[in-house]
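# Examination of the molecular architecture
Residues per chain are reported as follows:
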Amino acid sequence: MRAVVQNDKSRALRRVSRAPRATAVLAVAALAAGCAQGDDQGVRGAAGQQAPPARAVDGAAKAREARVALVAAAKRWDLKRVPLVAPAPPAKKPEIKAREGFEVDGQESDGLPPVFTTVPTKEKIVFLTIDDGAEKDPAFLRMMSELRIPYTVFLTDEEIKDDYGYFRKMQARGVTLNNHTLSHPYLPALSYAEQKREICGMQDVMEKRYGKRPVLFRPPYGNYDGDTLRAAKSCGIKYAPIWSEEVYVDHWEYREWDQDLHPGDIVLTHFRGTDDWDGTMTDMVRRFLDRITADGYAVARLEDYL
């Protein structure tokens, strides 16, 4: 059976040097002044006109407060720019199909989970996904919460069993926890039964530890075959997203020939720290956000489009 091989590299990531960071200067005072002016006009209303409903005023005030908090968080985490906010997800979700060339025999006839690297959309959004769970950095949780950046994780039991609670905190912040197998093997080398044990076994772990059996699964290294997707389907998996780009603490790697971002791209990174990188999870996030914001992209929540 043909195996679809995406990235058959060692799990140990290269140690790379960290590029110097520029210190951002963000115009909080100017924004606050603009907000104050908006508050004054919004409450009084124009002469001879009825003031807007209290609900609308409250909503606008909350939006301004959220913006000021985001600007402050961007400064606190040393970002060059304030992250853009993703538009509301579409009322009708896009149809997700297997990427051309990533199908397996029986893909459509057997209703197998599609493997895809990009979500169909014209919006300038990308989706951040993080794999395995080896690094458990409390500062990363704070950063993502304060900046309100959505992300999706794919967990491996071998990497998270020393601290299930870290990911429980993540789940409490609204992050969806998904399946990345029990032990992160090269799945095409295993029998169907062995692959099913890796995937369904992780479903059992997720249900026991986090109360839910995921519907998203990412094959380790992005490598799979027909047995992988059949086993995944039997375990309750509906989608098998992989990635278009991978971000490290000091560089990006691209799947496409143009070496650039595209609307709807899925971006991969890993839970890594200074043992594997010359930097931390927060350094990686800073690089990621500075790059996509400079290009006019926002981060959206993957599950909202599936």
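Quick caveat: nothing in here was measured; it's all calculated off a predicted structure.

Rules behind the numbers
In every chain, residue numbers begin from 1 and rise along the written sequence. Only residues with pLDDT of 70 or above have their local features reported here, since the model is predicted, and side-chain atom pairs are shown and tallied only from 80 upward, although totals for entire chains, interfaces and linings are computed over all residues. Side-chain metrics in this entry use all non-hydrogen atoms of the structure; hydrogen atoms and water are not considered. A pair of sulfur atoms, both from cysteines and within 2.5 Å, is called a disulfide here. Here a helix means four or more residues in a row that DSSP labels H or I, a strand means two or more in a row labelled E, and each is numbered from the N terminus. Relative accessibility decides the category of a residue: with a 1.4 Å probe and only protein chains considered, values under 20% of the type maximum give buried, values over 50% give exposed, and everything between is partly exposed. Working convention: axes come from line fits to C-alpha atoms, limited for helices to the stretch in contact. Angles between N-to-C directions cover 0 to 180 degrees. Convention used here: angles under 35 degrees read as roughly parallel, angles over 145 as roughly antiparallel, angles from 65 to 115 as roughly perpendicular, and any remaining angle as oblique. For this analysis, residues touch if any pair of their heavy atoms sits within 4.5 Å. Polar contacts, as used here, are pairs of N or O atoms within 3.5 Å; protein pairs need one atom able to donate a hydrogen and one able to accept it. Residues neighboring in sequence count only if both atoms are side-chain atoms. Here the nonpolar group is Ala, Val, Leu, Ile, Met, Phe, Trp, Tyr, Cys and Pro; Asp, Glu, Lys and Arg are the charged ones; every other residue, Gly included, is treated as polar. Whether a set of points on the 1 Å grid over the protein atoms alone is a cavity depends on a 1.4 Å probe fitting there but being unable to get out, while an open set qualifies as a pocket with protein on both sides within 12 Å along at least five of seven lines; lining residues are those with an atom within 4 Å of a point. Grid points are joined across faces, edges and corners, and a volume is the space filled by probe spheres set on the points. pLDDT gives the predictor's per-residue confidence on a scale running from 0 to 100. Throughout, nonpolar core names a set of buried Ala, Val, Leu, Ile, Met, Phe, Trp, Tyr and Cys residues whose side chains join them through atoms within 4.5 Å. Pairing between strands is defined by DSSP: at least two bridges between the two strands are required. Handedness rule for crossovers: strands pointing away from the viewer, path from the first strand over the helix to the second running clockwise, crossover right-handed.

## Observations concerning the state of the cysteines
All told, the structure shown has one disulfide when counted by the stated rule. Two residues share a disulfide in this structure: Cys200 and Cys235, whose sulfurs sit 1.8 Å from each other. Because the torsion about its S-S bond is -95°, the bridge between Cys200 and Cys235 counts as left-handed. You can see Cys200 sitting in helix H6 (residues 192-210) and its partner Cys235 sitting in the loop between helix H7 (226-234) and strand E8 (240-241), a full 35 residues away along the chain. On the basis of relative accessibility, which here comes to 15%, the residue Cys200 falls in the buried class. The buried category is assigned to Cys235, whose relative accessible area is 6%.

## Regarding the packing of helix H5 (residues 164-172) against H6
Axis separation between H5 and H6 bottoms out at 11 Å; the angle between their running directions is 70°. The angle between H5 and H6 places the two elements in the roughly perpendicular class. Across from Tyr164, Phe167, Arg168 and Gln171 in H5, the residues of H6 making contact are Val205, Arg209 and Tyr210.

## Digging into helix H3 (residues 138-147)
When H3 is considered as a whole, its buried residues turn out to be Ala139, Phe140, Leu141, Met143, Met144 and Leu147. Where H3 starts, the residue carrying a side-chain oxygen 2.9 Å from the main-chain nitrogen of Ala139 turns out to be Asp137. Phi for Arg148, located one or two positions after H3, is positive at around 55°.

## Here's the deal with the packing of H3 against H5
Interhelical geometry of H3 versus H5 gives an angle of 5° and a closest axis separation of 11 Å. Between H3 and H5, the angle falls in the class roughly parallel. Touching Pro138, Phe140 and Leu141 of H3 are Tyr166, Lys169 and Met170, all from H5. Along the lines of polarity and charge, the residues of the contact of H3 with H5 split into five nonpolar, no polar and one charged.

## Quick notes on the layout of surface pockets
Quantified by volume, the largest pocket comes out at close to 290 Å³. In terms of lining, the largest pocket is formed by 18 residues, of which the most central are Thr176, Leu177, Asn178, Lys212 and Pro214. Listing elements by their share of the lining of the largest pocket, those giving two or more residues are strand E6 (176-179) and H6. Per-element accounting of the lining of the largest pocket gives the leading share, three residues, to E6. Its residues assigned to classes, the lining of the largest pocket comprises nine nonpolar, four polar and five charged.

## Examining the confidence of the model for the protein chain
In low-pLDDT regions, the fine details of the predicted coordinates are not to be read closely. Residue-level pLDDT values for the protein chain average 87, and 82% of them are 70 or greater. A low-confidence stretch, residues 12-49 stays under pLDDT 50, and its non-local contacts, those more than four residues away or across chains, total 56 contacts.

## Some points on the nonpolar core
Phe140, Leu147, Tyr151, Met170 and Phe288 are the most contacted members of the largest nonpolar core, which has 48 residues in total. For this core, the secondary structure elements donating two or more residues are helix H2 (54-76), strand E4 (125-132), H3, strand E5 (152-155), H5, H6 and helix H8 (281-294). Leaving out residues up to four positions away in the same chain, Phe288 has contacts with Val126, Leu128, Val247, Trp252, Val267 and Val299. Of all hydrophobic cores here, the second largest spans 22 residues; its members include Tyr224, Trp243, Ala300 and Tyr305.

## Digging into the environment of Gly101
Locating Gly101 in the fold gives a position in the loop between strand E2 (84-85) and strand E3 (115-116). Note on Gly101: relative accessible area 45%, which makes it partly exposed. Residues Gly101 and Val115 lie 14 residues apart in sequence; the distance between their C-alpha atoms is 9.9 Å.

## Here we look at the pairing of E5
Residues Thr152 and Phe154 point to one face of E5 and Val153 and Leu155 to the other, with burial holding for every one of them. Pairing geometry for E4 and E5, over four bridges, is parallel. Following the sheet pairing, Asp132 is matched in E5 by Leu155. A crossover connection joins E4 to the parallel E5 through H3; in handedness this β-α-β unit is right-handed. Where E5 lies against E6, four bridges are found, and the strand directions are parallel. When the bridges of E6 are listed, Thr152 appears paired with Thr176.

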